Structures are given as C-alpha cells and as structure tokens.
Amino acid sequence: MSKTHHQRLLIIDFGSQVTQLIARRLRELDVYCEIHPYQTVDDAFLTRFAPQAVVLSGGPASVLDEGSPRAPDAVFELGVPVLGICYGQQVMMQQLGGAVERGDGTAEFGRAYVTPADRALPLLEGWFSEGREQVWMSHGDHVKTLAPGFEVFGTSPGAPFAITADPARRFYAVQFHPEVHHTPGGRQIYANFLALAGFTGDWTMGAYRDEAIAKIRETVGDAKVICGLSGGVDSSVAAVLIHEAIGDQLTCVFVDHGLLREGEATEVVGMFRDNYNIPLIHADESDRFLSALDGVSDPEQKRKTIGRLFIDVFQHHAGDVGGAKFLAQGTLYPDVIESVSFSGGPSVTIKSHHNVGGLPEKMGLKLVEPLRELFKDEVRELGRELGLPASFIGRHPFPGPGLAIRCPGEITPEKLAILRRADAVYLDQIRQHGLYDDIWQAFVAILPVRTVGVMGDARTYDYACALRAVTSVDGMTADYYPFSHAFLGETATRIINEVPGINRVTYDITSKPPGTIEWE
Ligand code: XMP
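Residues numbered from 1 in each chain as written. Predicted model: local features only at pLDDT ≥ 70, side-chain atom pairs only at ≥ 80, totals over all residues. Heavy atoms only, no water.

Caption draft 1: The arrangement of the overall build of the protein chain in detail. Within the protein chain, the secondary structure is distributed over 15 helices and 20 strands. For 520 residues, the compact-globule estimate of 2.2 N^0.38 gives 24 Å, and the protein chain sits close to it at 26 Å. Dimensions of the protein chain, computed from C-alpha atoms along their principal axes, come out at roughly 80 × 60 × 40 Å. The buried share of the protein chain, reckoned over its 520 residues, is 55%. Of the contacts made within the protein chain by residues no fewer than 6 positions apart, 77% connect residues no fewer than 24 positions apart. (Helix = DSSP H or I, 4+ residues; strand = E, 2+ residues; numbered from the N terminus. Rg over C-alpha atoms; globule rule 2.2 N^0.38 Å. Buried < 20%, exposed > 50% of the residue type's maximum accessible area, 1.4 Å probe, protein only. Contact = heavy atoms within 4.5 Å.)

As structure tokens, this is what we get:
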C-alpha cells in the first residue's frame, strides 16, 4: 500500500479482465485509487487504507458456487459509498441479504440497452436524456431479489436489476461495466459516484511531481543513485524526475549493446546531455554483445545472453560511480498490481523479458521506483510536466533486446546494418504520412531468407523483410495497422530502392494473439 496524502479510493479485485480500466477511469477523473485482490483485503487493511469510497470489481466466478469470493463485511460498515460492478453487484446483493440466480437463457454478453425507472438517482445525473443508455454487459447470473433498502433504477432485457441502489447508505450496484469504452456514459457514472463520495479531484500530475520529489529526497538522503537508461519513456521520465530531486547525486548509465536503431544512441545521449546536464556514462559495449551473440539463433538464448551480459556490463560501469546505494527503475503500476488468478498455476513463459532484475540483490542496492503508482499515459503526462520534448514522450516502445529479436536466425553485422537502414526508411515513411502517433509500434524485421528478384535487368538474390505496425493499448493484445495499399506500395519501393541487400518486402498482418508483436 502506498503512502499518499491524497483522498483515496479502494478497488477490490475479483479478477475481471477489465479491473485495470476502472482504475484508469478514476485516475482520469483526478482521483487516487489502488487495486487490491479480494484475498488481501481484511479489516486491518481497511483501517490502514481508510478509503473514502470502495468499488467492487467484476469477476469470472459465480456467487452461487461454494467458496466463491466475497468482500469483507467490514466494507459495508465503513460508512463510505460502495459501487458494485457485475460480480461486485451480485456479491453485494448476496452479502446484504438479497439473492442471485443463474440466468437461464437471459445471459447478456456485449451491447445492451438500459431504460430508467421513474425515480431519480444522483448516480445517474446526466443519463437517459435520450430515453435509454447503451451499456456493455458480460454476465450469466443476475440479481433475483434485492437486498433490504435497495431499489431498481434501471432495467435491461437480460438484467431486470441493471441499476440498483440503496441511496440512504450510498450503496450502488450495476450489472453492466461502466469502465469500458462500449458504455459511452460510463465516465459520467464514475464522476457522479466520486461526487457523491466527496472527492475533490486532488490527484494531478503537478501535485504528484512535487510529492514524488519530496519522497525521493527523503528516501535517498545524500546517497548516490544509478539509473539504467534505455531511451524509452519510463526510464527517461524516472531519470529526469530523480535528477530534479537530487541533482548530481544521480548518474545514468546508457548501455549501447550494438542492437540499437539508426541514430538512437546519439539521440538518447544528446537529449540527456543537451537538455538536462545529467551525469551520463555512455557505455559502448557493442563488440562484447555481438561476439556473445555470434552463432546464436534460438530466441530464448538470445534474450538470456543479452540479459546476462547487460547485468554484467551495467554492474561494471555502475562500479565507476562509486558507492551508489540506490538503483532507479521505471517500474509502472501495471507491473506492480497483483492480479487475481483463478487458475492458480504458473503461467507459461512466452518470452523472457530483458530487464535489470537480479541486479539489486547482486550489488546490494536498494530500489527507487518513483513511477510505481502510475499508468503509462500518466507517465507521459508527468514527462510533459517535467518538460521532456514531445517527440521523446511519444516514442514507440523499443524492447530491451533491441534489433536482436527483429532478426530471426543468426545475427550478423551485415544483417543489422541492412535492418537499420530499412527501419529508418519505414519510420520516415510513417512520419511523412503523419501516421506515427496513430500507431502503437512500428518496425522492420529482417527475415533469414534470400529470394530472387530482378533490378535493372539484372538478377538479385537478397534478403526479404517484413514490416510490422500495430495498434494496441498496453502491448498485451494488438491488431495490425490498416495501411492503405498505396502507402504499402510506396514504402516497399522506397526500401528496395534505398536499402541495398533487400529485394522483397512483406507486410505482417497477424494480430496478437495469436502472434506476438515482436518476431521473437
Ligand atoms: P510481444 O512481442 O511480447 O511484445 O508481443 C509486447 C511489447 O513488449 C515489448 N517487448 C519488450 N520490452 N524488454 C522490453 O523492455 C523485452 O525483452 C521485450 N520483449 C518485447 C515489445 O516491443 C512490445 O512493445
């Protein structure tokens, strides 16, 4: 649990796929909230957390099943407003004396329409101006009997109790999901709920920045801090924030593993040296990484080799700083949230992500993670607040293992050079067509095949490459970007004309799942 002076709201997670979206909606309304799994919320926790309101999330279980998740009864005795969503509504009804039944043939999944009852409810301020509201449902069970004190305020074909409330106790419970995009009036419901709970919207990035700076100073004292800089948004924002707090007690280490894009090292190092004057070690270790990767074609072996070397190299250069006691990391809130797992088993490793995990123990360092409470778009907002250039804040994500995972098969300096050129031309095309900000991530992968072509009456036998561009919210799922055929044609022509070594261009139209964004 984080120490914050802000008004705070508690989200009790019953394992819905969209619980994080509840937090997003509330944060957008300038309210500080935290998500905690239902198993970890007990009376002592509630007393410590002292929420000003509670939201009970949806979840995959059925309250009719033996041993199904419950909210601690104390939630309903705090005297604060409670909003139950989907499973949260059902759990609330059952615990407060109502009943739930299985929906025989009345399950609703997807879009539904709610019509109002003929009595007003402040939670619904601004709703039903056109008679009905579109909502997004996803439920099998539904409420059968209301708990004492509750009344119905809205109905849908599959959920006679779509909106229910006990206004005197400020308990609200809805069957649909107000947090998703497909409930267009959902934001209004949250805004009304927050107003009913007396939130004033005191969670702003300006306030966060000042508090974070004070907290960093208090934690670090006069000790030295090192920060691994990747050029990505998270580590950059963390570095600038910490530098603002403790100045030259911070040293950044930028490890160039020889797998960066064209001009990347110069851009990142320049940005930090020119704009911020942050002490920065630029460690050019490309030879070391590329020789360790020589002959390696297995994706996991590539990732592990890079991860291991990165730690060695970072540790070596961090030693130059002398006596650092803290390691700064750009860890974000989604990495911290303990998600509720109903399957219980460990999940399969799809890819071993490269990060600096393992370093703190090895080097006896403590962690400073000033972004632990933030979502990605909040980090971008904080970056703007700190004056980072817009071009930097809007950069597409770039993976730690860099071009190694965009070069299936063996990595050679020749292939990397071709890949860098092709990638630069592709991104230039995207920028020139004004598409960069619409795309979540775009890059080229060089394929381990040579194919035959004909250029100027001569035969060519060169590499093929694949263009990748996806839309996504968080990288967990993604769809390919629908470029026009004209754009694709023009880009293919440019790459083949401008990049010696490539004579064939393909466009990857795989979504995630079943594909992944990177090729390895
Ligand atoms: P995948 O390929 O798993 O990628 O669909 C999802 C997102 O994560 C990025 N990615 C990484 N980022 N270290 C990182 O910092 C890694 O090892 C790594 N592998 C993938 C990828 O670029 C995409 O944005």
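Caption draft 2: Here's a closer look at the pairing of strand S6 (residues 108-116). Strand direction decides the pairing type here: S6 and strand S7 (residues 133-139), joined by seven bridges, are antiparallel. What sits directly across from Arg111, in S7, is Trp136. As paired strands, S6 and strand S9 (residues 151-156) are joined by two bridges and run antiparallel to one another. Counterpart to Pro116 in the pairing with S9 is Gly154. (Pairing = 2+ DSSP bridges.)

Caption draft 3: Representation of the packing of helix H6 (residues 233-246) against helix H12 (residues 376-385). At a minimum axis separation of 10 Å, H6 and H12 run at an interaxial angle of 45 degrees. With respect to their mutual orientation, H6 and H12 come out oblique. As for the relative orientation of H6 and H12, their crossing is left-handed in sense. Each of Val233, Asp234, Val237 and Leu241 in H6 lies in contact with H12, whose residues at this interface are Lys376, Val379, Arg380, Leu382 and Gly383. When its residues are assigned to classes, the contact of H6 with H12 shows five nonpolar, one polar and three charged. (Axes fitted to C-alpha atoms, helices over the stretch in contact; angles between N-to-C directions. Parallel < 35°, antiparallel > 145°, perpendicular 65-115°, else oblique. Left-handed = near helix turned anticlockwise from the far one by under 90°. Nonpolar A, V, L, I, M, F, W, Y, C, P; charged D, E, K, R; others polar.)

Caption draft 4: How the structure looks around the sheet that holds strand S12 (residues 224-229). Judged by pairing direction, the sheet is parallel, and its five strands sit side by side in the order S14-S13-S12-S15-S16 without closing on themselves. The open sheet terminates on both sides in strands that have one partner only, identified here as strand S14 (280-284) and strand S16 (366-368). Adjacent strand axes in the sheet meet at a mean angle of 30 degrees, parallel and antiparallel pairs treated alike. Pairing of strand S15 (residues 324-328) with S16 involves three bridges; the strand directions are parallel. Within S16, the position partnered with Phe326 by the bridge is Lys366. Contacting S12, strand S13 (250-256), S15 and S16, H6 runs over the sheet at an angle of about 160 degrees to S12.

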